[in-house]
Amino acid sequence: MDGIGYSEYTEGNAVAEGYTPHLDWLLENCPYTLLRAHGTAVGLPSDADMGNSEVGHNAIGAGRIYPQGARLVNEAIASGRLFQGDTWRKLIDYCRRNNGTLHFIGLLSDGNVHSHIDHLKAMLRCATEVERLPRCRVHILLDGRDVGETSALDYVIPFEEFLRELNERTGSDVRIASGGGRMKITMDRYEADWGMVALGWKTHVAGEGRAFPSAREAIETYRRENPGVIDQDLPPFVIADASGPVGPIRDGDSVIFFNYRGDRAIEISRAFEEDDFDKFPREPRPKVAYAGMMEYDGDLHIPKNYLVSPPHIQQSMAELLCERGIRQLAISETQKFGHVTYFWNGNRSGKFNPDLEEYIEIPSDAVPFEQRPWMKAAEITDRVIEEILSGRFDFIRLNYPNGDMVGHTGVYQAAHIAVEVVDLCVGRVMKAVEKAGGILIVTADHGNAEEMFERDEKTGKVKLHADGRPKAKTAHTLNPVWFIVYDPEGKGTLRINDRVPHPGLTNIAATCFQLLGLEPPEFYDPPLLLVS
Ligand SMILES: O=C(O)[C@@H](CO)OP(=O)(O)O
Ligand SMILES: [Mn+2]
Ligand SMILES: [Mn+2]
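None of the values given here were measured: they were computed from a predicted structure.

Conventions we followed
- Residues numbered from 1 in each chain as written.
- Chains lettered and ligands numbered in written order.
- Predicted model: local features only at pLDDT ≥ 70, side-chain atom pairs only at ≥ 80, totals over all residues.
- Heavy atoms only, no water.
- Pairing = 2+ DSSP bridges.
- Helix = DSSP H or I, 4+ residues; strand = E, 2+ residues; numbered from the N terminus.
- Right-handed = clockwise from strand over helix to strand, strands pointing away.
- Donors = N, O, S within 2.8 Å, 3.2 Å for Na, K, Ca; no water.
- Axes fitted to C-alpha atoms, helices over the stretch in contact; angles between N-to-C directions.
- Contact = heavy atoms within 4.5 Å.
- Polar contact = N/O pair within 3.5 Å; in protein donor to acceptor, adjacent residues only side chain to side chain.
- Phe/Tyr/Trp six-rings, centres within 6.5 Å; stacked < 30°, edge-to-face > 60°.
- Buried < 20%, exposed > 50% of the residue type's maximum accessible area, 1.4 Å probe, protein only.
- Parallel < 35°, antiparallel > 145°, perpendicular 65-115°, else oblique.
- Nonpolar A, V, L, I, M, F, W, Y, C, P; charged D, E, K, R; others polar.
- Tetrahedral: all angles 85-135°; square planar, octahedral: opposite > 155°, others 65-115°.
- Domains from an automatic or database assignment.
- Buried area = accessible area lost by both parts, 1.4 Å probe.
- UniProt positions renumbered as here; feature names shortened; annotations may be inferred.

Brief notes about the pairing of strand β6 (residues 237-241)
Every regular strand shows the same layout, with side chains that alternate between the two sheet faces.
Logical step 1: When strand β4 (residues 173-181) meets β6, the two strands line up antiparallel, connected through 2 bridges. For Ser-178, the partnering residue across the bridge sits in β6 and is Val-238.
Logical step 2: Between strand β5 (residues 211-212) and its parallel partner β6, the chain crosses via helix α10 (residues 215-225), and the hand of that crossover is right-handed.
Logical step 3: Both β6 and strand β7 (residues 244-245) contribute to a ladder of 2 bridges, which runs antiparallel. Residue pairing for β7: Ala-240 is matched across the bridge by Pro-245.
Logical step 4: Counting the residues that bridge the hairpin from β6 to β7 gives 2 residues.

Okay, structure coming up:
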């Protein structure tokens, strides 16, 4: 149940306020516990970091905690290693030799899911103060999904001030060159909508699009013209002065995509790197040196050059279950397909053993999900029931994206429907599991839909707009998630082991081994159940 967490608050809680008879029944009748799904429990820098799907699925699949991208980049910057590495040197030398510009493209916020603005600032400082590059350009993707839904100017205004001060001090010329909402351009994932990447290319690379004198004016104008639009959906813009766009990407330039998380960074990286590329016409396609903050796909080696090495996740559960001959199915719709495959398997896209594994992707709708909160849950369920009853698999993992994808829209009524849809489908899966003589685990990778209104951190009170409406929250949460075991035949023989210290997502893998009758690897975090 992606993005369905537990919160004691009921106001703005689409899970508590939704009609969820199956979930209610499970919590009434089955062993369950709450798992930590954020912060250090999933390898993030601090417990102030909310959970997300990458770290959540990595943790579930890996069975133990790995320091994650956010932490690895912090460390590489703090130690100076990032700036001594081959990739940084190569990009600096390339644009210096060609009298080119150093470009940065990425998500401008401190959400710490895909990126962190402090990483960008540290690189700009080094590029100007230390490397003495005369010119840098920044292409900003507006967030509103991992941070407040209309917080773009809270980042853009201080950032413009930071650039002004930096330019004054170093004599360099650093400017914002283009941008747009992250759900409109550049950050598509799992090939759901290449059109977004094509539009990002046109904006950042060609410098084509509606022109504004500054990012601030672009944002203010778009908000005035489209009342109610939230940052992630703001249209693209190009910054121009009297002589035209200030920062198209040209031959001899270097480009750093500064997001560290892979799913939404792979497509744009492919557009920069692949010679045989047929997803959209790249006109122009400048000769540049390109690098990502991290290696985004460890199997396909995308991109070729990266600044920081990703966590090297090994011996994740899918791999070890293959070694034990367990036949496995992974299933979801496009929006979360990579989550149950690529993230679950430690950020690798290939199978471990094609004879034992099958991956099913149900194509997602390409619409804003508040318009289709049911998404493809029914289709996923039809298919999984067929597969459960076929007896072809020993272990099935399934992701319902609704709580998360609809939660991100900030539309409360839609989130309500999303949660009820998931509950309805869980009910259908329960029946199939019972018929097949299996066991069902119901859990989640992090919260979202259980907290649809912003709350004051100190008082816990819901924040309100001037007109009294609650402020929508689009981001993930710090809440724990349920871990419920439905064992229709077991007659109460399974119990939660209360002695497991600080249970979190990383305890799930060993628990699956336990339920499959296998000894869990001793380097996994301990299983959650007592089996008697
Ligand atoms: O949509 C996304 O990219 C993230 C939020 O930034 O959500 P999730 O981690 O659930 O995929
Ligand atoms: Mn998720
Ligand atoms: Mn999400």
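And the narrative resumes.
Thoughts on the coordination of the manganese ion (ligand 2)
Logical step 1: Protein-derived coordination of the manganese ion (ligand 2) comes from Asp-2 (OD), Ser-53 (OG), Asp-445 (OD) and His-446 (NE2), at a distance range of 1.9 to 2.1 Å.
Logical step 2: In the primary sequence, the donor residues of the manganese ion (ligand 2) line up as D-x50-S-x391-D-H.

Overview of the sheet that holds strand β1 (residues 32-35)
Logical step 1: In spatial order, the strands read β1-β15-β14; together these 3 strands make up an open sheet with antiparallel pairing. Each of the sheet's edge strands pairs with one partner strand only, and the pair in question is β1 and β14 (440-443). In this sheet, adjacent strand axes meet at a mean angle of 20° when their direction is disregarded.
Logical step 2: Two strands pair when backbone bridges link them, and β14 and strand β15 (residues 481-486) are joined in this way by 4 bridges, in the antiparallel orientation. Bridging from a neighbouring strand, Thr-443 pairs with Phe-483 of β15.
Logical step 3: Packing against the sheet, helix α16 (residues 412-436) makes contact with β14 and β15, and its axis sits at approximately 160° to β14.

Here's the deal with the side chain of Thr-170
Logical step 1: Tracing the backbone through its elements, the reader meets Thr-170 in helix α8 (residues 152-170).
Logical step 2: Polar side-chain contacts of Thr-170 include one of 2.7 Å to the backbone oxygen of Leu-166.
Logical step 3: Apart from residues lying up to four places away in sequence, Thr-170 is in contact with Thr-128, Glu-129 and Arg-132.

Brief notes about the packing of aromatic side chains
Logical step 1: Summed over the entire model, instances satisfying the criterion amount to 16 aromatic pairs.
Logical step 2: Ring centres of Phe-83 and Trp-88 lie 5.0 Å apart, and the angle between their planes is 80°; this geometry places the pair in the edge-to-face category.
Logical step 3: Classification of Trp-88 as buried rests on a relative accessible area of 0%.
Logical step 4: Ring geometry for Phe-212 against Tyr-222: centres 5.2 Å apart, planes inclined by 70°, an arrangement best described as edge-to-face. Placement of Phe-212 in strand β5 and of Tyr-222 in helix α10 is noted, with a sequence separation of 10 residues between them.

Brief notes about the sheet that holds strand β13 (residues 395-398)
Logical step 1: Spatially, the 3 strands line up as an open sheet ordered β12-β11-β13, and their pairing is parallel. Since the sheet does not close on itself, it has two edges, and those belong to β12 (357-362) and β13, each with one partner. Strand-to-strand twist across the sheet, computed as the mean angle between neighbouring axes with direction ignored, equals 15°.
Logical step 2: As judged from the 6 bridges shared by strand β11 (residues 328-333) and β12, these two strands associate in the parallel manner. The partner of Ile-331 across the bridge, within β12, is Ile-360.

As for the packing of helix α14 (residues 377-390) against α16
Logical step 1: For the pair α14 and α16, interaxial distance at closest approach is 9 Å and the crossing angle is 5°. Relative to α16, α14 is oriented roughly parallel. Contacts between α14 and α16 involve Ala-377, Ala-378, Thr-381, Asp-382, Val-384, Ile-385, Ile-388 and Leu-389 from the first element and Val-421, Cys-425, Arg-428, Val-429, Ala-432, Val-433, Lys-435 and Ala-436 from the second.
Logical step 2: Taken together, the residues that form the contact of α14 with α16 break down as 12 nonpolar, 1 polar and 3 charged.

Examining the coordination of the manganese ion (ligand 3)
Logical step 1: The coordination sphere of the manganese ion (ligand 3) contains the protein donors Asp-404 (OD), Asp-404 (OD), His-408 (NE2) and His-476 (NE2), at a distance range of 2.1 to 2.4 Å.
Logical step 2: Here the manganese ion (ligand 3) binds 6 donor atoms, and the angle range of 57 to 173° at the metal identifies the geometry as irregular.
Logical step 3: Site description for the manganese ion (ligand 3): donor spacing in sequence, D-x3-H-x67-H.
Logical step 4: In this structure the manganese ion (ligand 2) is found 4.5 Å away from the manganese ion (ligand 3). Separated by 68 residues along the polypeptide, His-408 in the loop between α15 (402-407) and α16 and His-476 in the loop between β14 and β15 bring together distant segments of the chain. You'll find His-408 and His-476 in the same group, each marked buried.

Side note on the domain arrangement of the protein chain
The extent of an interface is frequently quoted as the accessible surface area lost upon association of the parts.
Logical step 1: By the assigned domains, the protein chain splits into domain 1 (14-67 + 313-531) and domain 2 (70-308).
Logical step 2: For domain 1 versus domain 2, the distance between C-alpha centres works out to 32 Å.
Logical step 3: Taken together, the contacts link 28 residues of domain 1 with 27 residues of domain 2.
Logical step 4: Roughly 2200 Å² of surface becomes buried between domain 1 and domain 2 when both sides are summed, with 49% attributable to carbon and sulfur atoms.
Logical step 5: It is Pro-45, Pro-67 and Tyr-342 that lose the most area in domain 1 upon contact with domain 2, and together they represent 21% of the buried surface on that side.

Comments concerning the UniProt feature "active site" (unreviewed entry) in the protein chain
Logical step 1: As annotated by UniProt and renumbered to match this structure, "active site" (unreviewed entry) occupies Ser-53.
Logical step 2: Of note, Ser-53 is situated in helix α3 (residues 53-62).
Logical step 3: Taking the relative accessible area as the measure of exposure, Ser-53 reaches 2% and is therefore buried.
Logical step 4: If we skip the residues at most four places from it in the chain, Ser-53 touches Asp-2, Asn-58, Arg-261, Lys-336, His-339, Phe-343, Asp-445, His-446 and His-476.

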